[in-house]
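Architecture at a glance
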Amino acid sequence: MRNGEISFWSSSIGAGVTRAALQGDADVDITIVGGGLTGLWTAYYLRQDFPDARILVIESRFCGFGASGRNGGWLSAEVPGNRARYAAIAEDSGRDGLSANRALTATMEAAVAEVLSRIGLEDIDCRARHSGVLTIARCPAQQARLVEEIRDAQRLGATGVELLDAEAVQRRIRVDRAVAAGFSPHCARVQPARLVHGLAAAVERSGVRVVEETTATQVEPGQVTTDRGIVTTGQVVLCVEGFTVELPGRRRSLLPMNSAMVVTDPLSDLQWDEIGWDGAELLGESAHAYTYAQRTDDGRIALGERGVPYRFGSRIDRDGRTQRRTIAGLVRAVHEMFPAAASAPVAHAWCGVLGVHRDWNTSIIFDRRTGIGSATGYVGSGLTTTNVAARTMVDLIAGRDSYLTRLPWVDHRSPRWEPEPVRYLGVAGLYAAYRFADRRELRSQSSRTSAVAGLADRISGRA
Ligand SMILES: Cc1cc2nc3c(=O)[nH]c(=O)nc-3n(C[C@H](O)[C@H](O)[C@H](O)COP(=O)(O)OP(=O)(O)OC[C@H]3O[C@@H](n4cnc5c(N)ncnc54)[C@H](O)[C@@H]3O)c2cc1C
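What comes next concerns the included structure. (Residues numbered from 1 in each chain as written. Predicted model: local features only at pLDDT ≥ 70, side-chain atom pairs only at ≥ 80, totals over all residues.)

1. Section: the overall build of the chain
We apply this condition: Helix and strand definitions here come from DSSP, where helices need a minimum of 4 consecutive H or I residues and strands a minimum of 2 consecutive E residues; each element is numbered from the N-terminal end. Radius of gyration: C-alpha atoms only; globule rule: 2.2 Å multiplied by the number of residues to the exponent 0.38. Residue burial here comes from a neighbour count, namely the number of other C-beta atoms, placed from the backbone, that lie within 10 Å of the residue's own C-beta, with 20 or more meaning buried, 12 or fewer meaning exposed, and in between meaning partly exposed. Whether two residues are in contact depends on their C-beta atoms, placed from the backbone: they are in contact if these lie within 7 Å.
When helices and strands are tallied, the chain shows twelve helices and 19 strands. Here the chain has a C-alpha radius of gyration of 21 Å; the compact-globule value for 463 residues is 23 Å, and the two agree. Across the 463 residues in the chain, those meeting the buried criterion constitute 53%. Nonlocal contacts in the chain, meaning residues at least 24 apart in sequence, comprise 78% of its contacts between residues at least 6 apart.

2. Regarding the site of the ligand
For clarity, the cut-off: Here is the check we use: build the C-beta atom from the backbone, and if it is within 6 Å of the molecule or strand, call the residue near. Residue type decides the class: Asp, Glu, Lys and Arg count as charged, Ala, Val, Leu, Ile, Met, Phe, Trp, Tyr, Cys and Pro as nonpolar, and the leftover types, Gly among them, as polar.
Close contacts around the ligand come from 43 residues, with Gly36, Gly66, Gly72, Gly352 and Gly382 the closest. Those elements that place two or more of their residues in the shell around the ligand are helix H2 (37-49), strand E4 (74-76), strand E13 (255-264), strand E17 (346-356) and helix H10 (382-398). Considering each element in turn, the shell around the ligand owes the most residues, four residues, to H10. Here the shell around the ligand is built from residues that sort into 16 nonpolar, 22 polar and five charged.

3. Notes on the nonpolar core
Put simply, the rule reads: Take the buried Ala, Val, Leu, Ile, Met, Phe, Trp, Tyr and Cys residues, join any whose C-beta atoms are within 7 Å, and the set you get is a nonpolar core.
Among the nonpolar cores identified, the biggest contains 141 residues, and Val33, Leu40 and Met393 are the most heavily contacted of them. Residues contacting Met393, with those up to four places away along its chain left out, are Thr42, Val237, Ile364, Phe366, Gly373 and Ala375.

4. Here we look at the sheet that holds strand E15 (residues 292-295)
Put simply, the test is: Any two strands with at least two DSSP bridges between them are considered paired.
Ordered in space as E1-E17-E13-E16-E15-E14-E5-E7-E6, the nine strands form an open sheet in which the pairing is mixed. The open sheet is flanked by strand E1 (2-3) and strand E6 (162-165), the only strands paired with a single partner. In this structure, E6 lies alongside strand E7 (residues 180-184), joined through four bridges in antiparallel fashion. Opposite Asp165, over in E7, you have Ala180 as the bridge partner.

5. Section: the pairing of strand E5 (residues 133-137)
Along any regular strand, the residues point their side chains to alternate faces of the sheet. With five of five residues buried, E5 is to be regarded as a mostly interior element. With five bridges connecting them, E5 and E7 associate as antiparallel partners. The residue bridging Leu134 from the neighbouring strand is Phe183, located in E7. Relative to strand E14 (residues 282-285), E5 runs parallel, the two sharing four bridges. Note on E14: the bridge partner recorded for Leu134 is Leu283.

6. Quick look at unusual backbone geometry
The omega torsion of the bond from Glu420 to Pro421 falls at 5°, within 30 degrees of zero and hence cis. Along the chain, the position of Pro421 falls in the loop between H10 and helix H11 (422-443). In the Ramachandran plot, Ala280 falls in the positive-phi region, its phi being about 50° despite a non-glycine side chain. Judged by C-beta crowding, with 19 C-beta atoms within 10 Å, Ala280 ranks as partly exposed.

7. Topic: the packing of H2 against helix H7 (residues 192-205)
As a reminder, the rule being used: Under this scheme, a helix contributes an axis fitted over its contacting stretch, all axes are lines through C-alpha atoms, and angles between N-to-C directions fall in the 0 to 180 degree range. Should an angle lie under 35 degrees it is considered roughly parallel, over 145 roughly antiparallel, and from 65 to 115 roughly perpendicular; all remaining angles are considered oblique. The handedness criterion is simple: a crossing whose near helix is rotated anticlockwise from the far helix by less than a right angle is left-handed, and one whose near helix is rotated clockwise is right-handed.
Two numbers describe how H2 lies on H7: the axes approach to 9 Å, and their chain directions differ by 30°. Overall, the two elements H2 and H7 adopt an arrangement that is roughly parallel. Crossing of H2 against H7: the hand is left-handed. Here H2 contributes Leu37, Leu40, Ala43 and Tyr44 to the contact with H7, which in turn contributes Val196, Leu199, Ala200, Ala202 and Val203. Residue classes in the contact of H2 with H7 are distributed as nine nonpolar, no polar and no charged.

The structure is reproduced here in structure tokens:
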């Protein structure tokens, strides 16, 4: 079994450094720091608005090195962050909280279609399949939460969402102990490294300069200092998500949260006959420490979960290498959910970091005075949100008032995380509490959510 090497997605297409580094100083109009989906989508839409601008993307390793090339491949309409807090932010500025949340829902649903249409337009072969997403409940407490979540989603304007009973779930997919599932059509499966790779090529074709193996070490108004030279620039957009903590002065602005995945070898036709899953829906569950999965284009199961949620002092993994106990937990989860896949060898394990703000909300900021912008804090739902953030950033840079710039996460500043060891103990405690609550709920026939999970949500600021 391979461990790390960025990710299965990345190594299966032989991704790596293919572009030159910055050669000395440069003078441009707009600099984008980070060659993940946020940075690349921002460059993509900027080029359309500013056809003559000199745009430079600076990437420290290679495009897709971060979460964008390592994720679960859920191009979903899930809104990252806390809905009650988004409502409060809107109300604080004199707007209606419910309408603000409905706008977020509508924007995310439309963004799934927008990304799919750009994938088509740019001929990006990322094995996209618009298959929808199933959220499985495996005990009464999970089912009760699911029913409530669907009701809330519909109240906030979500379209096409439905509740499936155990029989209807069985017809689509055989997940052990599944008692119900929620279905939303607004989700597509992608091979994430192929998506970033194709997008980077499209951005370059449009005339944007992309440099790799170039690290920004300091960002100031009008200037980005890198290890290869100094870039004089009009505006700067920081698109480094979980890596934000490595920039001077930003250590506590965000928490680099881990997520880890395994992928099996391709299953046999017999195994797929037992599991079903012909629709290749994305698959999640309504547990507190949930897993997320996809049936890959080449007939494997790829499944992820939090693993060791956070490394002391905001340390980041080395090239995706993950811990043995995390791998053991992921393999156990595959076997528990899909007994028919128990004999399938695991081919690859890896992990990556996503960005979490202290209040768990996304933040898209452009400071017109300094010319510095940033888009961060998508938690585990960045695949679609990066596209929304990019289009929002372009409107902000262009000085345009649009439905995007009025969303409640625009100009939202979250409080800073606590210093260590409080930060480490807090996150470790949160996920220990979630796992304890999940085990209790699975053993119980009660439809009530475990009080331990509710308390953990409140203390951590998630609820
Ligand atoms: C294992 C895992 C599974 C996930 N699953 C899903 C999913 O299924 N669906 C979903 O919606 N979201 C998922 N996410 C989250 C999603 O992948 C991210 O939110 C999204 O990719 C963030 O994109 P980004 O471009 O902002 O950041 P990144 O992709 O992390 O890109 C940041 C880039 O900046 C570069 N960089 C860092 N520092 C510097 C510097 N100083 N100078 C220059 N460059 C720098 C990095 O090398 C990196 O390439 C998952 C994340 C992980 C880790």
